[in-house]
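The primary structure of each chain is shown beneath.
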Amino acid sequence: QVQLVESGGGLVQTGGSLRLSCAASGRTFSSYAMGWFRQAPGKEREFVADINRSGGSTHYADSVKGRFTISRDNAKNTVYLQMNSLKPEDTAVYYCAPRVNDAYTIESPRAYGYWGQGTQVAVSS
């Protein structure tokens, strides 16, 4: 089992930047591809980005492509999400999770498990 703790959220103005971190417990972190999702009030959990086990392959939602960058440091059991050019519509709770079920597409929350508690990101206009 993997336990995750997200951090780095906060309040930022439009156009600003934040860097989210997701620290994982356990020695199996490098065995998992990792994803970031977000959930705004009253909306479903939405795919943001995914990174494979080595960090050599990434995938982004169209809404964040060119603005967000996912990366990982397997030595530190940590995955990051660098968010630039933030917009009010990026406001949400951001979650990370390991990809545990290949029966679902990368962009489906059902492909992921062991969700963390999330970190709040608020972008003011």
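Structure: see above.
I will try to describe carefully the structure that is included in this document. (Residues numbered from 1 in each chain as written. Predicted model: local features only at pLDDT ≥ 70, side-chain atom pairs only at ≥ 80, totals over all residues. Heavy atoms only, no water.)

### Comments concerning the pairing of strand E9 (residues 92-98)
With respect to burial, E9 is a largely interior element, seven of its seven residues being buried. One ladder, built from six bridges, connects strand E4 (residues 34-39) with E9; its direction is antiparallel. Residue pairing for E9: Gln39 is matched across the bridge by Val93. Note that E9 and strand E10 (residues 119-124) share three bridges and pair antiparallel. Following the sheet pairing, Tyr94 is matched in E10 by Thr119. (Buried < 20%, exposed > 50% of the residue type's maximum accessible area, 1.4 Å probe, protein only. Helix = DSSP H or I, 4+ residues; strand = E, 2+ residues; numbered from the N terminus. Pairing = 2+ DSSP bridges.)

### Considering the pairing of strand E7 (residues 68-73)
Going residue by residue along E7, you find Phe68, Ile70 and Arg72 tucked away on one face and Thr69, Ser71 and Asp73 left uncovered on the opposite face. Pairing geometry for E7 and strand E8 (residues 78-83), over six bridges, is antiparallel. When the sheet's bridge partners are listed, Asp73 is paired in E8 with Thr78. Between the end of E7 and the start of E8, which pair antiparallel, lie four residues, with Asn77 showing a positive phi angle near 55 degrees.

### Brief notes about the side chain of Arg38
Note on placement: Arg38 falls in strand E4. Within the structure, Arg38 has its side chain in polar contact with the side chain of Tyr94 (distance 2.9 Å). Residue contacts for Arg38: discarding those within four places in its chain leaves Glu44, Arg45, Glu46, Val48, Ser63, Val64, Phe68, Glu89, Asp90, Ala92, Val93 and Tyr94. (Polar contact = N/O pair within 3.5 Å; in protein donor to acceptor, adjacent residues only side chain to side chain. Contact = heavy atoms within 4.5 Å.)

### Regarding the sheet that holds E4
Strand order in the open sheet formed by six strands is E2-E10-E9-E4-E5-E6, with mixed pairing between adjacent strands. Both edges of this open sheet fall to strand E2 (10-13) and strand E6 (58-60), since each of them pairs with a single strand only. Each strand of the sheet is rotated relative to its neighbour by a mean of 25 degrees, with strand direction disregarded. Sheet topology places E4 next to strand E5 (residues 46-51); five bridges connect them, and they run antiparallel. Across the sheet, the residue bridging to Trp36 is Ala49, located in E5. (Axes fitted to C-alpha atoms, helices over the stretch in contact; angles between N-to-C directions.)

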